[in-house]
There are 8 protein chains.
Amino acid sequence: MNKDILTDILKAVADGGLDIDAARQRLADMAMEDIDFAHIDHHRSLRKGFPEVIFGEGKSAAQIVGIMERMQLQEQVLLVTRVDAVKAAAVLERFAEARYDTEARMIVWQRAPLPKTGLGTILVVSAGTSDIPVAREACLTADAMGNVVKSVFDVGVAGIHRLMAHRSLLEEARVLIVVAGMEGALPSVVAGMVSRPVIAVPTSVGYGVNLGGLTALFGMLTSCSSNVAVVNIDNGFGAGYMAASINQP
Amino acid sequence: MNKDILTDILKAVADGGLDIDAARQRLADMAMEDIDFAHIDHHRSLRKGFPEVIFGEGKSAAQIVGIMERMQLQEQVLLVTRVDAVKAAAVLERFAEARYDTEARMIVWQRAPLPKTGLGTILVVSAGTSDIPVAREACLTADAMGNVVKSVFDVGVAGIHRLMAHRSLLEEARVLIVVAGMEGALPSVVAGMVSRPVIAVPTSVGYGVNLGGLTALFGMLTSCSSNVAVVNIDNGFGAGYMAASINQP
Amino acid sequence: MNKDILTDILKAVADGGLDIDAARQRLADMAMEDIDFAHIDHHRSLRKGFPEVIFGEGKSAAQIVGIMERMQLQEQVLLVTRVDAVKAAAVLERFAEARYDTEARMIVWQRAPLPKTGLGTILVVSAGTSDIPVAREACLTADAMGNVVKSVFDVGVAGIHRLMAHRSLLEEARVLIVVAGMEGALPSVVAGMVSRPVIAVPTSVGYGVNLGGLTALFGMLTSCSSNVAVVNIDNGFGAGYMAASINQP
Amino acid sequence: MNKDILTDILKAVADGGLDIDAARQRLADMAMEDIDFAHIDHHRSLRKGFPEVIFGEGKSAAQIVGIMERMQLQEQVLLVTRVDAVKAAAVLERFAEARYDTEARMIVWQRAPLPKTGLGTILVVSAGTSDIPVAREACLTADAMGNVVKSVFDVGVAGIHRLMAHRSLLEEARVLIVVAGMEGALPSVVAGMVSRPVIAVPTSVGYGVNLGGLTALFGMLTSCSSNVAVVNIDNGFGAGYMAASINQP
Amino acid sequence: MNKDILTDILKAVADGGLDIDAARQRLADMAMEDIDFAHIDHHRSLRKGFPEVIFGEGKSAAQIVGIMERMQLQEQVLLVTRVDAVKAAAVLERFAEARYDTEARMIVWQRAPLPKTGLGTILVVSAGTSDIPVAREACLTADAMGNVVKSVFDVGVAGIHRLMAHRSLLEEARVLIVVAGMEGALPSVVAGMVSRPVIAVPTSVGYGVNLGGLTALFGMLTSCSSNVAVVNIDNGFGAGYMAASINQP
Amino acid sequence: MNKDILTDILKAVADGGLDIDAARQRLADMAMEDIDFAHIDHHRSLRKGFPEVIFGEGKSAAQIVGIMERMQLQEQVLLVTRVDAVKAAAVLERFAEARYDTEARMIVWQRAPLPKTGLGTILVVSAGTSDIPVAREACLTADAMGNVVKSVFDVGVAGIHRLMAHRSLLEEARVLIVVAGMEGALPSVVAGMVSRPVIAVPTSVGYGVNLGGLTALFGMLTSCSSNVAVVNIDNGFGAGYMAASINQP
Amino acid sequence: MNKDILTDILKAVADGGLDIDAARQRLADMAMEDIDFAHIDHHRSLRKGFPEVIFGEGKSAAQIVGIMERMQLQEQVLLVTRVDAVKAAAVLERFAEARYDTEARMIVWQRAPLPKTGLGTILVVSAGTSDIPVAREACLTADAMGNVVKSVFDVGVAGIHRLMAHRSLLEEARVLIVVAGMEGALPSVVAGMVSRPVIAVPTSVGYGVNLGGLTALFGMLTSCSSNVAVVNIDNGFGAGYMAASINQP
Amino acid sequence: MNKDILTDILKAVADGGLDIDAARQRLADMAMEDIDFAHIDHHRSLRKGFPEVIFGEGKSAAQIVGIMERMQLQEQVLLVTRVDAVKAAAVLERFAEARYDTEARMIVWQRAPLPKTGLGTILVVSAGTSDIPVAREACLTADAMGNVVKSVFDVGVAGIHRLMAHRSLLEEARVLIVVAGMEGALPSVVAGMVSRPVIAVPTSVGYGVNLGGLTALFGMLTSCSSNVAVVNIDNGFGAGYMAASINQP
């Protein structure tokens, strides 16, 4: 369509039916909605290259299926986050080839497994058992985006030796995701042990002055280690996505 | 410059030196930084038509003079907000035709007075004497943007009859700006008395749980009157600008 | 009733049964509760001229019906906000001519469609799919108040080109309502593209540090664009009402 | 019991069986738990003279009945706040002479109506219909404590003339209780109209930045009227109690 | 002036030059700004009967003197709060008969001492030495408003026996003002010992999580004693004013 | 396993099959995960010597049973906190010898009662009836850890004489736990009466500005008594554990 | 004095001049201010046995000297906290035998060194160099109260091995004080390594979302280690005092 | 030293002077402070490989010089952040070869320029002129750590076309740092245009509800773009360090 407009103008110039000044003016007047939109749009799918996520919370199974059917036409991978088991069952009736992960509460559909193109391993570390769902969401996201993902769960700072026991695993990773609730101290300790970037994920796990995860979040942002950056509370998906974008070749 | 690029391409098409497909491709590839930037930029000054403001806080007199000299080339009006008297004196040495308003702590420079083009009167109402600086900033901004501005100061809700005494003034205004600190209740009362839009400006005036203006801000946002919208704490300039944009023909 | 009091006094004066000084004193002593109440009240419906809204949350269908029956006697338009589908069905049994909008969760009853008296078009722009209910509430309110309303949904700042594609629509509007949750950045971007007033509506959409909409609210209040004012979180009704009050002839 | 200890010591002194120094020492050594406890306790019921309240929230009907049975032995009046209708029905089966107020969600039991001993009238004013439950709780509490209580409901600041219409009622009251949610501006306006003390009660009514009543609370604390003091959010009982304590002869 | 308008209308009615319906209409149309303003204003000074306070913070000595000169014409008492010693000296040069209290940082000017008209004694209790300035502000305000004021300073809850030692003083007071910073627990304890109303004043004294007085404020609002109401942080003036309004005959 | 590695190396050294430098290098290279883990782990159970707690909230009865079965092999005592009655019943079917405390909502399983090894008595004091569950959790924890625990419930600061009546009990305790919601003033008062350490536990009891326990927490942290330290809101378990650790011989 | 009252009553009883019932009544009526005050007061200095602290902030050197002179009469030890070097010099001119610690900003005066009576060692651990002033305040306080105090500074969680290197020191301490700003994670890690009680002290060190120490405070309160309790931000004195009270024999 | 211990044990084993079981036991007993400390320490400098930063705020020039002299012995690069010009001059007298950047308020000392070893370009984008100091801090840090750094300043979201004009620069970067105050919307927009990781840095620039940078921070954390992670407010250094760690080969 836009092509046609451009072609028409250019043909008219070539034909002499439109003089150069008038043509220049028309081109200059064509707002982004004409030329630029297509241009960007085209670039965009090349540029981002990663699956869009469907935020499942507050959507019915039918709505999720509808969106998946539309996206499936052009995507290799579909992720649906925050889906409970009942909705997931309904979705999987339509997409039998999709998988549902009970812990991560996430549906992953892939046309075919993506090749593992990441530069190195992504390691997901989590503090308490209650942090595992968020950690799993990060694992599945990074995995679906073409990365080798490893994980070490349940290594809180109150028993620091358990973390020490996995030091070589920490040192081998190219990107680390560290998930923690409560006081959120684990990313500081882990980041002090490695030189690679650490994505910290605060969780809402805890009670009282955990303040729904704000305490962990603020603790991570004031980390005394400098190779740390932070994503939103409980945002396992975002951490996995960010880690994958860091791990791109 | 951009013109030249376009002209060159079009000339080459007209000359037959560039075929249509190649030309279309080159045009499509020209990112916004080439065509669109100038295009938008040109549109922009037409579109906004209002003076840019120079935020004076944290800038030296010399820096303010420098920015004013550059902007003066193409603007009809220059506003500098949050300038203390000492800096203002220094600026006025260079721009003798500018005026400094001590209460509003604001410098206004105008090539020539703008015609009064607003649809109606803008009325600025304020609650306490300490709110006057913010109210004056709103007055001067709206005035500089070509509006007839009236004001009623010192009509707090704790003496509601003083407000009542100005009812006809309230009813005649086309846009109202209501400035209040403390509990910030004045906009609700005023908006209940008129049908025209009310821009509410919370001020940081007060102590204790005024919370630096947050209490007034939240009070205004939860107003039981519906013809109210709110700007940032102490943002007299923004209120004047918004009122002027509403009052445009 | 008040009429009678006045008439009685005046008759007594005319009859010579009450001398002028005594009459003047009695009139001066009549507090607002006597004269002024009726006076204002009469003025009020003329002045505001817009429908009262019934806040449906926490009211039973029976209560809503009761209020509507009383108000219907003197109003041309009735709006009920925040009504779920079950209650709405019960209300519509009694008011068959009312309409219920599932997305906006709003009932609109009109004696007859109001003429479109607004000065220009009101454009409602929203960022994400989850913001649509609030945006729809704004649309229906402004529409019911006699305005031509257009909308552009799902144009978030993370895909800025989608917004760019609607630039002419943005530029043609006389008032804009921009609805956004999460980081609430859309109003800044939109307001930077137009000279008309923008009413920003933060929504509670999001999780973690969206803080139930406070983050979007604060982002909008600190907007670097000056033609922006803000209403309460999720207050689509208020935004529509404020836009309509701005758009009045 | 304590009496006996004292009596024993004093008898021994009178009998010469205990010399004065030893007796003085024993008395000085008797901790408050011996002498003073009874002493204060006795004083206390005289001193406070007002009913204890039973906070019903989180207690079962059986627990409430149990406490009432114990307290009934020595009290003239029993108040139970925050009781839902189901629990109330169960309580009233045992205390047939008690009354349950559906709006205030409160049970009042009185051996016999207290004489009206208050110095003057207590007037309860409230802003919106949703504030009525809290206002009613204040009314019933003050009434049960022996006061003449009047009320004016639904006089918000967005329609200030409705308040004006009740001016004489405001001026006649000896103590005023003003209940408001949203921006909480009503106490300021009312207190500006009278010289008597105003007890302000913020309610949690509203949404968005009403912050569960904090906005109203802070607005009331920063009131520009000085004859205002504030109680906790939704604390109708406390306001009624405080007003009664002010209204004591 | 207003008188003349009324007189003219009434004369015309008496003369038969204006018929009754037309006269009634004109009277009804006269807005509050005509009749009502004077009416209320007159009532007001009778009604409030208490001195206005001049908030000295942020005002120059010259400004304070100016306001005092204007108010002095019609007031018996003038209070200026939050004045430092330097400004106070300048003010006292003009008003030699005024007194400056160094602790309360307050100027009191009285034409003649007000008679002590309060119903009973007002007792001001404070917790720590740093709370004394606020407590003194309360004392001076209540005193200037015609009350017998007593005080007990430095009786914190961490040494509860010091408070106990003043029990008869507490029990004799008709109104109590309790000033406390830190955890703000003193009002609860005092109110538990008396039946009279307690005005609690939080101070900003402390550090860390005293949060500038918010902790004391919230502690006082959640007091388990019911005869307590609260004023803004550091608002000694307001507490004195409120206590005086309670203590009025 | 680790033993084997060490033994192998050492045998090889003894055998001359590994020279000393190479052996030293191998040992130095053995990361903590080899040597140190076991080492610490071994030390750890000796060091802490106290039961691990199972946080029951959000775990199913089956999960709790599973964890208990695994831990039971090596522990003398098992505590499960925050278990409702239904889950508790299911757990007790499997562990018939465990006890469930309805108030504390806690399961305690002990192989055999621990000897009472604490240095002195731990006294748990609580303010209101609603604070009892948290207080009981503290009692049961300290008891299970080998301490003599006493308690005084329902001695709030609004009736300070009730506290006074228990002074000798307070003075005899070696460690005190003070539990309070609302304004959280009780620990200050208690700590002012004793020289022993006081562990303060804020509870979420209350409404309005109790802010879910934050007000009590902040009040306790700003206590004017110095022998006070604080644990998280509603953390009865933590207080009991901390008191036991203080009371260790 | 009180003695005299008692003696007088008892003499009168012994003399038969006062019958037993009347004497009993008089004694019962004697409020705490008579008997009990002296009684408690006497007990108190025995009970607390520890020095009062003088909070130096906001006091002049003259005021500090005045208070010290009065307290010196009956105390063995005087502590003045938060004193700058200038004031300290002035104070030391009067009290030549006092010491001023520049880091802790604290004056310590002792009649004679207290014997070391604590049960064990108190170890003060701190995270960053900026935390040292608070840590020193804790050290000096605990030392002045008769304890052997050791310290390990600059062992943050971002270099966890530095902490590990001091493990035996940690294990030998009977009470630990852990001081940390930023994310405040150090107490969790330390408490996980020992069985003894840990007093955590958050500091205001940091910027941005350290929120003046609130982030560290909340992190410490949500610690996953249970042998931790917390004092107010920057409250080194309180931590030292609490540790000393724990370490009492 | 540690070597010696190990060597001694091993020699004794080789010599037969220590049997294998005893040797194994001794090795297992050797705490981390013996073996492991050196081991980690050695690893550490290899592992992190990046300069330590000296936080200049609150340190005197002499202290900074002292730390630099000590660190200079073993480091290739030294960074000192938050140094004002006066202190910087004093430091540069001692370290003539160091450079001071006025905008970034940062001192950089390098033994020799590090080779540019980063995988790609790091692009620093900032919104307003006031954000430039933080942006410059990020630039200098990343540069000092061996990266090619480019920058685009002053491209706020209110003039989105200015950003668009730099699209190719954005697309070429391997890591992006986006610095913004006010509403903090820029990172969302930029991240929507690229697939590479974006480190977002909120600044404290603004007033009113910018809340010292919290609004920008929360806006960035709730970004609708997923390739975003965030560092602390004003933490330009941290962003540069994190970007460098991502950009490592």
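On a predicted model such as this, the values are computed, not experimentally measured, just so you know.

## With respect to the overall build of chain A
1) Next: Scanning chain A from terminus to terminus reveals 11 helices and nine strands.
2) Next: Counting across all 249 residues of chain A, residues that qualify as buried make up 61%.
3) Next: Long-range contacts, defined here as pairs at least 24 residues apart, represent 66% of the contacts in chain A between residues at least 6 apart.
4) Next: Put simply, chain A shows about 8,900 Å² of open surface, and 52% of that area lies on carbon and sulfur atoms.

## Re the interface of chain B and chain C
1) Next: Counting residues at the interface gives 38 residues for chain B and 40 residues for chain C.
2) Next: When the two sides are added together, the surface that chain B and chain C hide from each other amounts to roughly 3,100 Å², 53% of it contributed by carbon and sulfur.
3) Next: Taken together, the links from chain B to chain C amount to zero salt bridges.
4) Next: If you list the elements that add at least two residues to the side of chain B that touches chain C, you get helix H3 (35-48), helix H8 (167-172), helix H9 (186-193), strand S8 (198-202), helix H10 (214-221), strand S9 (228-230) and helix H11 (236-246) of chain B.
5) Next: Residue composition of the side of chain B that touches chain C, by class: 20 nonpolar, 11 polar and seven charged.

## Some details on the packing of H10 of chain B against helix H10 (residues 214-221) of chain D
1) Next: The N-to-C vectors of H10 of chain B and H10 of chain D enclose an angle of 125°; their axes lie 9 Å apart at closest approach. The orientation of H10 of chain B relative to H10 of chain D falls into the category oblique. Handedness of the crossing formed by H10 of chain B with H10 of chain D: left-handed. Together, Thr 215, Phe 218 and Gly 219 of chain B of H10 of chain B and Thr 215, Phe 218 and Gly 219 of chain D of H10 of chain D make up the contact between the two elements.
2) Next: When its residues are assigned to classes, the contact of H10 of chain B with H10 of chain D shows two nonpolar, four polar and no charged.

## Topic: the pairing of strand S4 (residues 106-110) of chain E
Residues and elements named next belong to chain E.
1) Next: Within S4, five of the five residues are buried, which leaves the element mostly enclosed by the surrounding structure.
2) Next: Alternating residues of S4 divide into Met 106, Val 108 and Gln 110 and Ile 107 and Trp 109, and every residue in both groups is buried.
3) Next: Sheet topology note: the strand S2 (residues 77-81)/S4 ladder contains four bridges and is antiparallel. Within the sheet, the bridge partner assigned to Val 80 lies in S4 and is Ile 107.
4) Next: Pairing of strand S3 (residues 99-101) with S4, which is carried by three bridges, proceeds in the antiparallel orientation. Note on S4: the bridge partner recorded for Arg 99 is Val 108.
5) Next: In this antiparallel pair of consecutive strands, S3 and S4, the connection spans four residues, and Arg 105 shows a positive phi of 50°.

## Observations concerning the UniProt feature "domain: PurE" (unreviewed entry) in chain A
1) Next: With numbering aligned to this structure, UniProt lists the feature "domain: PurE" (unreviewed entry) at residues 120-249 of chain A.
2) Next: A helix fraction of 39% and a strand fraction of 19% characterise residues 120-249 of chain A, whose end C-alpha atoms lie 9 Å from each other.

## Considering the domain arrangement of chain A
Residues and elements named next belong to chain A.
1) Next: Considered domain by domain, chain A is made up of domain 1 (3-110) and domain 2 (121-247).
2) Next: Counting residues at the interface gives 14 residues for domain 1 and 13 residues for domain 2.
3) Next: Approximately 1,300 Å² of surface area, both sides summed, lies buried where domain 1 meets domain 2, with 64% of it carried by carbon and sulfur atoms.
4) Next: Put simply, domain 1 and domain 2 have two salt bridges between them.
5) Next: Between Glu 103 and Arg 136 there is a salt bridge whose closest N-O contact spans 3.7 Å.
6) Next: Counting the contacts that link domain 1 with domain 2 gives two residue pairs in polar contact (both at pLDDT 80 or more).
7) Next: When residues of the side of domain 1 that touches domain 2 are traced back to their parent elements, those giving at least two are strand S2 (77-81) and strand S4 (106-110).

## Notes on unusual backbone geometry
Negative phi values dominate among residues other than glycine, just as trans dominates among peptide bonds.
Residue and element names in this part refer to chain G.
1) Next: The backbone of Leu 211 shows a phi angle near 50°, a positive value even though the residue is not glycine.
2) Next: If you trace the backbone, Leu 211 turns up in the loop between strand S8 (198-202) and helix H10 (214-221).
3) Next: Residue classification places Leu 211 among the partly exposed residues on the basis of a relative accessible area of 31%.

## Overview of the sheet that holds strand S3 (residues 99-101) of chain C
Residue and element names in this part refer to chain C.
1) Next: Ordered in space as S1-S2-S4-S3, the four strands form an open sheet in which the pairing is mixed. Pairing within the sheet leaves two strands with one partner each, and these edge strands are strand S1 (53-55) and S3. The average angle at which neighbouring strand axes cross in this sheet is 20°, direction not considered.
2) Next: Relative to strand S2 (residues 77-81), S1 runs parallel, the two being bridged by three bridges. Within S2, the position partnered with Phe 55 by the bridge is Thr 81.

Conventions and cut-offs
Residues numbered from 1 in each chain as written. Chains lettered and ligands numbered in written order. Predicted model: local features only at pLDDT ≥ 70, side-chain atom pairs only at ≥ 80, totals over all residues. Heavy atoms only, no water. Helix = DSSP H or I, 4+ residues; strand = E, 2+ residues; numbered from the N terminus. Buried < 20%, exposed > 50% of the residue type's maximum accessible area, 1.4 Å probe, protein only. Contact = heavy atoms within 4.5 Å. Areas by Shrake-Rupley, 256 points an atom, 1.4 Å probe, with all protein chains shown as cover. Buried area = accessible area lost by both parts, 1.4 Å probe. Salt bridge = Lys/Arg side-chain N within 4 Å of Asp/Glu carboxyl O. Nonpolar A, V, L, I, M, F, W, Y, C, P; charged D, E, K, R; others polar. Axes fitted to C-alpha atoms, helices over the stretch in contact; angles between N-to-C directions. Parallel < 35°, antiparallel > 145°, perpendicular 65-115°, else oblique. Left-handed = near helix turned anticlockwise from the far one by under 90°. Pairing = 2+ DSSP bridges. UniProt positions renumbered as here; feature names shortened; annotations may be inferred. Domains from an automatic or database assignment. Polar contact = N/O pair within 3.5 Å; in protein donor to acceptor, adjacent residues only side chain to side chain.

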